[in-house]
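# What the coordinates show
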Amino acid sequence: MPTPPAYPAEPARVLLLGFGAIGRHVATLLAPEREAGLLRMCAAEREVAAHRDRAVPGVELSTTGTDTDCPTWAEALAEADLVVECAGVEPAGEYGPQVIAAGMDLVLTSVGALADPETALRLLAGPGRLWVTNGAIGGFDVLGAAAEAGGLDAVRIRTSKLPTSLLRPWMTDQQEAQLRSLSPGDDPVTVFSGGPAGAIEQFPANVNVAVGLAWATRGRADPAVGTGAGVGPQAGQAELLRRSLERVRVELVADPAAGRSRHEILATGPAGRIELAFESAPSPENPKTSGLTALSVARTVRGALGLP
Ligand SMILES: NC(=O)C1=CN([C@@H]2O[C@H](COP(=O)(O)OP(=O)(O)OC[C@H]3O[C@@H](n4cnc5c(N)ncnc54)[C@H](OP(=O)(O)O)[C@@H]3O)[C@@H](O)[C@H]2O)C=CC1
Ligand SMILES: O=C([O-])CC(=O)C(=O)O
């Protein structure tokens, strides 16, 4: 007879970093687990006062900011078993490494944080474990298998989004006006073409998937050789990721006809030709974000906690 899964005696304490579109959706998706007493949830925001009117039942609030009527980030972290980052690339880089260093597991949604080599090393350094969510894309079982066997030579991702969801503060008035003027029927405009690190620097809220793809296709070190003399496990993983970030090519397209965000992946090599396309329903909390991301994060959380 199979051994029944070992459910924790106490509810697992999950701390969300960021309670925006993805955080709220994840909290809603995990409501059955909360109601079944399998987990408790707290969400850290930088301005809790601004979030009180959008409370999700059963989720306590804490702050990375200066609110005084709720637990601080440090107090909430001390009570947590698992941290789930869904705040953005910058806060992921700011808070993620301290979570890992404290020996706590971290689910990373802003996977783009891994494009910074120093942050990647710190996120991989342990003793806490890093759980990298698939986010809005997937197929990573077959892509990972092919990459681990050295079976991929080229990996590409083409992401198409509505032009106005690609507006960024660094854009010139002319670039902004071009994106705003695109209307259905106009040709799509490529706004970025290059590697995932450059893409995430310019579009931190739009191409986490590209860094996620690089992570998924980093392959593995030859156990006999490692990744280089004297390279420890986390440095080895970081080096594999660095090479993978150089291999992945990204195209980001402003498409006035894109009703939904679309991610097209093409990976080729001795293992074969793998083509994948993803069009997610919009997030119920924010139509600019793919709803699939929160579904992936909820699944990653269940996996990290060993929940069914
Ligand atoms: N892996 C993937 O496939 C995908 C990953 N993502 C990543 O997920 C992130 C979140 O997406 P989404 O939920 O749609 O974004 P939102 O902007 O809706 O939510 C982000 C929330 O995080 C909060 N936040 C920002 N900085 C901090 C901080 N220092 N401390 C506490 N809270 C903070 C924001 O607060 P405030 O209101 O104060 O700004 C906001 O409430 C994206 O930025 C992106 O990096 C997104 C889509 C796909
Ligand atoms: O939501 C999406 O479609 C993907 C996205 O923004 C990201 O990867 O940052």
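A few points on the structure. (Residues numbered from 1 in each chain as written. Chains lettered and ligands numbered in written order. Predicted model: local features only at pLDDT ≥ 70, side-chain atom pairs only at ≥ 80, totals over all residues. Heavy atoms only, no water.)

## Notes on the overall build of the chain
Each helix and strand counted, the chain has 11 helices and 11 strands in total. What you see for the chain is a C-alpha radius of gyration of 20 Å, in line with the 19 Å of a compact globule of 308 residues. Along the longest, intermediate and shortest principal axes, the C-alpha atoms of the chain span 55 × 50 × 40 Å. Taken over 308 residues, the chain has a buried fraction of 48%. By sequence separation, contacts in the chain at least 24 residues apart represent 67% of the contacts at least 6 residues apart. Surface accessibility of the chain: about 14,800 Å² in total, with carbon and sulfur atoms responsible for 51%. (Helix = DSSP H or I, 4+ residues; strand = E, 2+ residues; numbered from the N terminus. Rg over C-alpha atoms; globule rule 2.2 N^0.38 Å. Buried < 20%, exposed > 50% of the residue type's maximum accessible area, 1.4 Å probe, protein only. Contact = heavy atoms within 4.5 Å. Areas by Shrake-Rupley, 256 points an atom, 1.4 Å probe, with all protein chains shown as cover.)

## Considerations on the environment of Ala304
Inspection of the secondary structure puts Ala304 in helix 11 (residues 291-305). Residue class for Ala304 comes out buried when judged on its relative accessible area of 14%. For the pair Ala304 and Gly291, spaced 13 residues apart in the sequence, the C-alpha separation amounts to 21 Å. Ignoring sequence-local partners within four residues, the contact set of Ala304 consists of Leu82, Val107, Arg129 and Trp131.

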